[in-house]
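Take a look at the letters that make up each chain.
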Amino acid sequence: MDLLKINDPEGELPNSLYTHSIKKKTNYTSVKKDMICQICIIGAGYTGLSAGLSLAELGYEVVILEANRVGFGASGRNGGQVGSGQRWDQNKLEKHFGFDQAKTFWEISEAAKQEVISRIKQHDIECDFCSGIINTTVNKDNVSQLFNEVELLKQKYNYNKLEILNSTDLSKTLDTNFYAAGYLDLGAGHLNPLKFAIGLSIAAVKKRVKIFEKSCVIKVKYGIKNTIFLDNGYQVKCENLLFSCNGYLGNLEPKISKKVMPINNFILATEILEKKLLDSFFKNNYAVADDKFVPNYFRPSPDKRLIFGGGENYTYKFPKAIKKLVRKRMIKVYPQLENTQIDFVWGGTLAVTRSRLPYFAKIKQNAFSVSGYSGHGVALSVLSGKIIAELINGNSKRFDFMNKIPAKPFPGNSSLQWPMLVLGMLWYSLRDRLS
Ligand SMILES: Cc1cc2nc3c(=O)[nH]c(=O)nc-3n(C[C@H](O)[C@H](O)[C@H](O)COP(=O)(O)OP(=O)(O)OC[C@H]3O[C@@H](n4cnc5c(N)ncnc54)[C@H](O)[C@@H]3O)c2cc1C
């Protein structure tokens, strides 16, 4: 089963609100001859585009190969939330790694948000960026932990962009009684993910990055010069290679796919809502994310819809009833939308690691991979691309730090990995439903 082909028409973007929101799709040519280059990048999502752009700025000659279209993967279909921190909160990071390393994790995640904002400004990317995410908990038992994290960030990390919200504040701000407490993070934000991906690609091309679409890599042979084989018979030879395929990697590099698993996640967009109704959910245009194991995340669109994400599945193929799955979760938060029409539903594939921290790998001296952002990759993938560029350019400091995070393989051989993951995930999502 090939995740690049199984859920979407080949070479096309999904039928999402984002695809409908862009003025023009990208139309880069496919590879039509054998090529030699300094750097070859497989995958044109945020990781690959950011790496390509950063490397070109450093003077390297870069080729990006994309099986479908720029932003075809998670980067063109996600919830658009540019969150703070890593997937673990700082409290957990401190307990596990100690304060000094936890602080480096925090600095990396702050640099990641900054990288997104700088790229938007530097390249004039019109992607509807808005500040503010409200992070919430559904569970009364988690409230003190949530508030402790806010205090910790203020006291030890000097992060003063947070405001605590109790359940009354939340029901006033969001017009729902679903949440026990939360906090507003004004240092985080949200954007139109596909517009951002396309904007990065335009910036990269301006810096002479060569992007090829509909150019699927089927095999890689490592060497002093790596050889990359495409499905149309052409080859690309390169000095350095980056895999930035995330959830769509398949078995192209088994050393990575042992440790990084694909899972599918789903989103809907409602019909255009009356201004008064949408304003009652989003007084200040903030996005919302909760702390369920399979989180709900939602936000307003500039054209006055509710974009609501949540719900996962752990088989290769998307379920037929995506609308039913996500709508049910939306109605729990907003019963007011019982009769609202759903205009768009779509799914996407992301990648998780066992630790839920990203996996930075040096496969060979001149072949690298970054993936497994575990649902927290909008900002982190953009910075990760830059970190790979730094590494290739001789500064390995941030790569070495991330590369040292232990990354365990998923249990079992390749045929067992999926069932084991499914069992684990089902257990946690069952806990969500029971709590
Ligand atoms: C539904 C959904 C909602 C999400 N919401 C959020 C959110 O709100 N906030 C957040 O922080 N994160 C979110 N994420 C995660 C985030 O989108 C990802 O972490 C991030 O986009 C990963 O970027 P990437 O470039 O590494 O991978 P991708 O964007 O998936 O790009 C990989 C690319 O590689 C290409 N490719 C793969 N194999 C080959 C091959 N053999 N040959 C050529 N090309 C190949 C694919 O076609 C694809 O375009 C979400 C993900 C999903 C699916």
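Bear in mind that the values here come from a model prediction, so they are computed numbers and not experimental data.

Details of the site of the ligand
Inference 1: Neighbouring the ligand are 39 residues, the closest being Thr-47, Glu-66, Ser-75, Gly-79 and Val-378.
Inference 2: Here an oxygen atom of the ligand and a backbone polar atom of Val-378 are 2.9 Å apart.
Inference 3: Across the complex, the protein chains shield 97% of the 1,000 Å² of accessible surface that the ligand would expose by itself.
Inference 4: Elements with a contribution of two residues or more to the shell around the ligand: helix H2 (46-57), strand E11 (261-270), strand E15 (342-352) and helix H11 (377-392).
Inference 5: When residues of the shell around the ligand are assigned to domains, at least three fall in each of domain 1 (17-77 + 194-259 + 354-426) and domain 2 (130-191 + 262-350).

Quick look at helix H6 (residues 167-174)
Inference 1: When we look at burial in H6, the residues that qualify are Leu-170, Thr-173 and Leu-174. Looking down the long axis of H6, one finds its buried residues gathered within 75 degrees of arc, a one-sided arrangement.
Inference 2: Against the buried residues of H6 lie strand E4 (130-137), strand E5 (162-166), strand E6 (181-190), helix H9 (275-281) and strand E12 (287-290).
Inference 3: If you check the start of H6, you find a side-chain oxygen 3.0 Å away from the backbone N of Thr-168, and it comes from Asn-166.
Inference 4: Two residues or fewer after H6 comes Asp-175, characterised by a positive phi angle close to 60 degrees.

Some remarks on the pairing of E11
Inference 1: Of all ten residues making up E11, ten are buried, and the element is well covered by its neighbours.
Inference 2: Here E11 shows a buried face lined by Met-261, Ile-263, Asn-265, Ile-267 and Ala-269 and a second buried face lined by Pro-262, Asn-264, Phe-266, Leu-268 and Thr-270.
Inference 3: Where E11 meets E15, ten bridges bridge the pair, whose relative direction is antiparallel. By the bridge assignment, Asn-265 is partnered in E15 with Gly-348.

Overview of the domain arrangement of the protein chain
Inference 1: Split by domain assignment, the protein chain resolves into domain 1 (17-77 + 194-259 + 354-426) and domain 2 (130-191 + 262-350).
Inference 2: In this assembly, 18 residues from domain 1 lie in contact with 21 residues from domain 2.
Inference 3: At the boundary of domain 1 with domain 2, total buried surface from both sides reaches about 1,700 Å², with 71% on carbon and sulfur atoms.
Inference 4: Linking domain 1 with domain 2 are zero salt bridges.
Inference 5: If you look at where domain 1 meets domain 2, you find four residue pairs in polar contact (both at pLDDT 80 or more).
Inference 6: Counting only elements with at least two residues in the side of domain 1 that touches domain 2, the list comes to helix H1 (17-21) and helix H13 (414-434).
Inference 7: Counting residues per element, the side of domain 1 that touches domain 2 draws most heavily on H13, at five residues.

Concerning the environment of Pro-9
Inference 1: For Pro-9, the location among the structural elements is in the segment before H1.
Inference 2: Expressed as a C-alpha distance, the spacing of Pro-9 and Asn-68, which sit 59 residues apart in the sequence, is 9.5 Å.

Things to note about the state of the cysteines
Inference 1: By the definition in use, this model includes zero disulfides.
Inference 2: Free of any disulfide, Cys-130 has its nearest cysteine sulfur in Cys-127, 9.6 Å distant.
Inference 3: In this structure Cys-238 is a free cysteine whose sulfur lies 5.0 Å from that of Cys-40, the closest cysteine sulfur available.
Inference 4: Of the residues examined, Cys-238 reaches a relative accessible area of 0% and is grouped as buried.

Observations concerning the pairing of strand E16 (residues 359-364)
Walk down a regular strand and you will see the side chains alternate between the two sheet faces.
Inference 1: Here five bridges tie E16 to strand E17 (residues 367-371), and the two strands are oriented antiparallel to one another. From the neighbouring strand, Lys-364 faces E17, where its bridge partner is Ala-367.
Inference 2: Counted between consecutive antiparallel strands, the loop separating E16 from E17 contains two residues.

Some points on the packing of aromatic side chains
Inference 1: Applying the stated rule across the entire model yields 18 aromatic pairs.
Inference 2: When the centroid spacing of 5.8 Å and the interplanar angle of 35 degrees are considered together, the rings of Trp-88 and Phe-97 count as tilted.
Inference 3: Assessed through its relative accessible area of 18%, Phe-97 is described here as buried.
Inference 4: The interplanar angle of 90 degrees and the centroid separation of 5.4 Å between the aromatic rings of Phe-266 and Phe-318 together place this pair among those described as edge-to-face. In this pair, Phe-266 is assigned in strand E11 and Phe-318 in the loop between strand E14 (306-313) and helix H10 (322-333), connecting sequence segments 52 residues apart. Take Phe-266 and Phe-318: they sit in the same class, and that class is buried.
Inference 5: Clustering of aromatic rings is evident, with ring pairs tying together Phe-281, Phe-282, Phe-298, Phe-308 and Tyr-334.
Inference 6: The ring of Trp-88 carries the charged tip of Lys-92 above its face, separated from the ring centre by 4.3 Å.
Inference 7: Its guanidinium or amino end placed over the ring of Phe-229, Lys-219 lies 4.8 Å from that ring's centre, counting from NZ or CZ.

Considering unusual backbone geometry
Inference 1: The backbone of Asn-158 sits at a positive phi, close to 55 degrees, despite the residue not being glycine.
Inference 2: Within the fold, Asn-158 resides in the loop between helix H5 (143-157) and E5.
Inference 3: With a phi angle near 45 degrees, Asn-246 is a residue other than glycine that sits in the positive phi range.
Inference 4: Among the structural elements, Asn-246 can be located in the loop between strand E10 (235-243) and helix H8 (254-257).

Focus: the side chain of Arg-299
Inference 1: Position of Arg-299 relative to the elements: it lies in strand E13 (residues 297-300).
Inference 2: No salt bridge is formed by the buried Arg-299, whose closest oppositely charged neighbour, Asp-128, lies at an N-O distance of 6.9 Å.
Inference 3: For Arg-299, the side chain forms a polar contact with the main-chain oxygen of Gly-79, separated by 2.7 Å.
Inference 4: When sequence neighbours within four positions are dropped, the list of residues in contact with Arg-299 reads Tyr-18, Gly-79, Gly-80, His-190, Leu-191, Asn-192, Pro-193, Phe-282, Ala-287, Arg-305, Leu-306 and Ile-307.

Here's the deal with the packing of helix H4 (residues 99-122) against H11
Inference 1: Close contact between H4 and H11 brings their axes to 8 Å; oriented N to C, the two are set at 90 degrees. As judged from the angle between their axes, H4 and H11 are roughly perpendicular. Contact residues: Ile-108, Ser-109, Ala-111, Ala-112, Lys-113, Glu-115 and Val-116 in H4; Val-378, Ala-379, Leu-380, Val-382, Leu-383 and Lys-386 in H11.
Inference 2: Across the contact of H4 with H11, the residue classes tally to nine nonpolar, one polar and three charged.

About the cut-offs
Residues numbered from 1 in each chain as written. Predicted model: local features only at pLDDT ≥ 70, side-chain atom pairs only at ≥ 80, totals over all residues. Heavy atoms only, no water. Near = heavy atom within 4 Å. Polar contact = N/O pair within 3.5 Å; in protein donor to acceptor, adjacent residues only side chain to side chain. Areas by Shrake-Rupley, 256 points an atom, 1.4 Å probe, with all protein chains shown as cover. Helix = DSSP H or I, 4+ residues; strand = E, 2+ residues; numbered from the N terminus. Domains from an automatic or database assignment. Buried < 20%, exposed > 50% of the residue type's maximum accessible area, 1.4 Å probe, protein only. Arc of directions from axis to C-beta. Contact = heavy atoms within 4.5 Å. Pairing = 2+ DSSP bridges. Buried area = accessible area lost by both parts, 1.4 Å probe. Salt bridge = Lys/Arg side-chain N within 4 Å of Asp/Glu carboxyl O. Disulfide = S-S within 2.5 Å. Phe/Tyr/Trp six-rings, centres within 6.5 Å; stacked < 30°, edge-to-face > 60°. Lys NZ or Arg CZ within 6 Å of the ring centre and 35° of its normal. Lys, Arg positive; Asp, Glu negative; His and termini not counted. Axes fitted to C-alpha atoms, helices over the stretch in contact; angles between N-to-C directions. Parallel < 35°, antiparallel > 145°, perpendicular 65-115°, else oblique. Nonpolar A, V, L, I, M, F, W, Y, C, P; charged D, E, K, R; others polar.

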